[in-house]
Structure formats: C-alpha cells, structure tokens
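Spelled out, the chains give:
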Amino acid sequence: MKNELENKQSDLQLFKTVEEKIIEISGQKVLIDSDVAELYGVETKRINEALRNNPDKFPKNYSLELQVSEKEELVENFDRFATLKHSTNTPHAFTEKGLYMLATILKSPRATQTTIAIVEAFAELRELSRNISELTSDADEYKQKTLMKKIISKLCHNDNRNADRAIYSNTL
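Quick notes on the rules
- Residues numbered from 1 in each chain as written.
- Predicted model: local features only at pLDDT ≥ 70, side-chain atom pairs only at ≥ 80, totals over all residues.
- Heavy atoms only, no water.
- Helix = DSSP H or I, 4+ residues; strand = E, 2+ residues; numbered from the N terminus.
- Buried < 20%, exposed > 50% of the residue type's maximum accessible area, 1.4 Å probe, protein only.
- Contact = heavy atoms within 4.5 Å.
- Areas by Shrake-Rupley, 256 points an atom, 1.4 Å probe, with all protein chains shown as cover.
- Core = buried A, V, L, I, M, F, W, Y, C linked by side-chain atoms within 4.5 Å.
- Phe/Tyr/Trp six-rings, centres within 6.5 Å; stacked < 30°, edge-to-face > 60°.
- Pairing = 2+ DSSP bridges.

A. Expanded view of the overall build of the chain. A count of helical and extended segments in the chain gives 8 helices and 4 strands. When its helices and strands are written in sequence order, the chain yields α-β-β-α-α-β-α-β-α-α-α-α. Buried residues in the chain amount to 36% of all 172 residues. Sequence-distant contacts, at least 24 apart, represent 63% of the contacts inside the chain between residues at least 6 apart. For the chain, the accessible area works out to roughly 11100 Å², and carbon and sulfur atoms hold 50% of it.

B. Here's a closer look at the side chain of S63. Locating S63 in the fold gives a position in strand β3 (residues 63-65). If sequence neighbours within four positions are ignored, S63 has contacts with L51, F58, A93 and F94.

C. The arrangement of the nonpolar core in detail. Counting 22 residues, the largest nonpolar core has V36, Y40, I47, F94 and L102 as its most contacted members. Taken together, the elements giving at least two residues each to this core come down to α2 (33-40), α3 (44-53), α5 (96-105) and α6 (109-137). Those residues in contact with L102 that sit more than four places away from it in its chain are V36, Y40, I47, A50, F58 and F94. Core analysis: the next-biggest nonpolar cluster, separate from the first, contains 10 residues, L66, L74, F81 and L84 among them.

D. Spatial organisation of the packing of aromatic side chains. Under the defined criterion, the tally for this structure stands at 2 aromatic pairs. Pairing F78 with F81 gives two aromatic rings, centres 5.9 Å apart and planes at 80°, and the pair type is edge-to-face. Accessibility expressed as a relative area gives 27% for F78, which makes it partly exposed.

E. Up close: the pairing of strand β2 (residues 28-32). Two elements, strand β1 (residues 23-25) and β2, share 3 bridges in a ladder whose sense is antiparallel. Note on β2: the bridge partner recorded for E24 is K29. Two successive antiparallel strands, β1 and β2, enclose a turn made up of 2 residues, where S26 displays a positive phi of approximately 50°. Sheet analysis places β2 next to strand β4 (residues 92-94), joined by 2 bridges and oriented antiparallel. Pairing of I32 across the sheet is with A93, part of β4.

Written as structure tokens, this is what we have:
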C-alpha cells in the first residue's frame, strides 16, 4: 500500500515536471531536446542521435530544428536554457507526435513512465484549451461557473476546494 502511494506521488511529480517544461514555439506545444533528455535520464546527444538515425520516424511536424532567433528567445526567457547561449549546437524541439515516436526508440522503464507522463500532460493541455474556448463561447452563467471550476481545478492540480474558493470569491 505504501509503495503504491509512493509510485502515485512519483507519477504526479513527473507529470508536473513534464507540464512545466512544455513551451510553445511556432504555434506548437513542444519539449526541447535537453528537457526531453533530462526527463528520460539520458544525454541530449542520445536524443539527437535517435532523431538523426531514424529520420523516417520524424516527419516535418514531429520535430523542429530551432532557428537562431528562437534559440536566443529561449535563452532570454528560460533560465534552464542558459547553457545554450554560447553553444554552437542548434536545439531541436519535439511535438507531441515526435515524442510518441521517440518513445518507440528509447526503451526502458523510465522511458515508459516518462512517456505516460508526457501523454497525460499534453492531454491535459488540450482539455484545458477546449474548456477555455467553451467558456468564452457560452452565455449560460451556470455552465460558465461549472467550466471555470473545472479549469481552476485543473490549474490547481485537481484540488476542488481551491476551485470552489476561487469561484466563490469571483461571485462576491
């Protein structure tokens, strides 16, 4: 029982870590190669080797090679990419589909666990986006409050008490 609880806590922490690393580049939600490497517990060069050695698994919309301006923007906006500032390597970004393909190449228990967390994080982002779109298009006040509660609950990582408090304070 204790081991099962520890596993669930570990999975939740991994999910949160993945969620924090997803960024948007060129209108797509992606993970940068160094973040992917960290999540999978391998060196960044191993991720890029997998990409280079399996070009048939990574069509154009599965991975992106960042432009110099995009790389500079990463360095400016995210402290974790400071090492890229003077690097001659061009980082790669993996879309959700590219990460699924990467999972077919990297096989280990940690890779499986990480892939599941990645799938969950992207699914959560899609649901959140749908709820926000629905919220702005629906005039029914009750439905808006219900959707708002759902959105806040997701943002607070499923803590309904915080969602209730936020909804209640917004109606005062």
